[in-house]
Amino acid sequence: MAEIIQCYREAVPAMRFIGRKYDGFTSWGECFSTDTFGAIERAMGGVEAVRALWKDGGYVGLERHCDGEPFAYYIGMFTPPDTPVPNGLCSVDFDEACFGVCWFYGDGSYDPGACAARLKDAGFKIGKDAQGAVWSFQNCTCPRYTTPDEKGNIISDYAFILAS
């Protein structure tokens, strides 16, 4: 069981998300086997390009929830806003924003509902885009997600885009 050990607001510049869109949750295996992340990293000139904008840039499972519309799930990365979209992938452009971030410490699991509640308790308001959609994501950032500590635990980031 994972527990939230940190909750904070992080300002980020405009960015472009590039990745693969799915109709529901799916395994990330396809993105590794088809070199999706490599294609995105090459398109932006190396992962350092996004880390220059956002220090926690990593592999992302992006979710879009909107009443009356199908759920959308994307796997990919945030990139600089002018990054060309590689063939076969899609993009979503995001304006300058603030992320409400929770760190889940434990076995790699996370609970979006617990994150939303913790953000609300901290005084943050989850935002909606012009269509009324809520965007949130799991961010697998190195090394806290990829390198277990002495207890075998990792930190899984989960974030919502906050209201302005």
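Use the structure listed above.
Counting restarts for each chain, with residues numbered from 1 along the sequence as it is written. Where totals are concerned, whole chains, interfaces and linings use all residues; where local detail is concerned, this predicted model gives features only for residues with pLDDT of at least 70, and gives and counts side-chain atom pairs only at 80 or more. Only heavy atoms go into the side-chain values, all of them from the structure, while hydrogens and water stay out.

Moving on to the packing of aromatic side chains. Pairs were defined over the aromatic rings of Phe, Tyr and Trp, the Trp ring being its six-membered one, requiring ring centres within 6.5 Å. Orientation was assigned from the angle between planes: stacked under 30 degrees, edge-to-face over 60, tilted for the rest. Under the definition given, this model contains 21 aromatic pairs. Through a chain of ring-to-ring contacts, the aromatic side chains of Phe17, Trp54, Tyr74, Phe78, Phe94, Phe99, Trp135 and Phe137 assemble into a single cluster.

What counts as a helix is a DSSP run of H or I of at least four residues, what counts as a strand is a run of E of at least two, and both are numbered from the N terminus. Structurally, the position occupied by asparagine 139 is in strand β7 (residues 134-140). Engagement of the side chain of asparagine 139 in a polar contact is seen with the backbone oxygen of aspartate 56, the distance being 2.8 Å. A distance of 3.5 Å separates a polar atom in the side chain of asparagine 139 from the backbone nitrogen of glycine 58. Discounting chain neighbours no more than four positions away, the residues touching asparagine 139 are Trp54, Asp56, Gly57, Gly58, Tyr59, Val60 and Asp157. Within 3.5 Å is the distance limit for a polar contact, defined as a pair of N or O atoms, with the added protein rule that one can donate a hydrogen and the other accept it, and that residues adjacent in sequence qualify only through two side-chain atoms. Whether two residues are in contact is decided by their heavy atoms, any of which lying within 4.5 Å being enough.

To continue, consider the pattern of salt bridges. Any carboxyl oxygen of Asp or Glu that lies within 4 Å of a side-chain nitrogen of Lys or Arg is treated as forming a salt bridge with it. Scanning all chains against the criterion turns up six salt bridges. Linking arginine 16 and aspartate 93 is a salt bridge whose minimum nitrogen-to-oxygen distance equals 2.6 Å. Here the residue arginine 16 occupies a position in strand β2 (residues 15-22), and aspartate 93 occupies one in strand β5 (residues 90-94), the gap between them amounting to 77 residues. Judged by relative accessible area, arginine 16 falls into the buried class, the value being 17%. A salt bridge links arginine 144 to aspartate 56; its shortest N-O distance comes to 3.3 Å. With a gap of 88 residues between them, arginine 144 in the loop between β7 and β8 (154-161) and aspartate 56 in the loop between α3 (48-53) and β3 (59-65) connect regions that are remote in the sequence. Only protein chains enter the calculation, and the probe is 1.4 Å; a residue is then buried if its accessible area is under 20% of its type maximum, exposed if over 50%, and partly exposed in between. Exposure remark for arginine 144: the relative accessible area of 18% places this residue in the buried category. You can call aspartate 56 buried: its relative accessible area is 6%.

Taken residue by residue, helix α2 (residues 36-43) has Thr36, Phe37, Gly38 and Ile40 as its buried positions. Its buried side turned inward, α2 meets β2, α1 (29-33), β3 and β4 (72-79). Glycine 45 sits one or two positions beyond α2 and adopts a positive phi of about 80°.

What follows covers the nonpolar core. The set of buried Ala, Val, Leu, Ile, Met, Phe, Trp, Tyr and Cys residues whose side-chain atoms join them within 4.5 Å is what this entry labels a nonpolar core. Counting 37 residues, the largest nonpolar core has Phe17, Leu62, Phe78, Phe94, Phe99, Trp135 and Phe137 as its most contacted members. Among the elements that make up this core, the one with the highest residue count is β4 (six residues). Excluding anything up to four places from it in sequence, phenylalanine 137 contacts Trp54, Val60, Gly61, Leu62, Phe78, Phe99, Asp157, Tyr158 and Ala159.

The pocket and cavity definitions rest on a 1 Å grid over protein atoms only: a 1.4 Å probe that fits but cannot leave marks a cavity, an open set with protein on both sides within 12 Å along at least five of seven lines marks a pocket, and residues lining either have an atom within 4 Å of a point. Grid points are joined across faces, edges and corners, and a volume is the space filled by probe spheres set on the points. Considering all chains together, one arrives at one cavity of 30 Å³ or more under this definition. Space inside the largest cavity adds up to approximately 40 Å³. As for the largest cavity, its lining consists of Val12, Pro13, Met15, Phe78, Phe94, Asp95, Ala97, Phe99 and Ile161. Residues are grouped as follows: Ala, Val, Leu, Ile, Met, Phe, Trp, Tyr, Cys and Pro are nonpolar; Asp, Glu, Lys and Arg are charged; all remaining types, including Gly, are polar. Counted by class, the lining of the largest cavity contains eight nonpolar, no polar and one charged residues.

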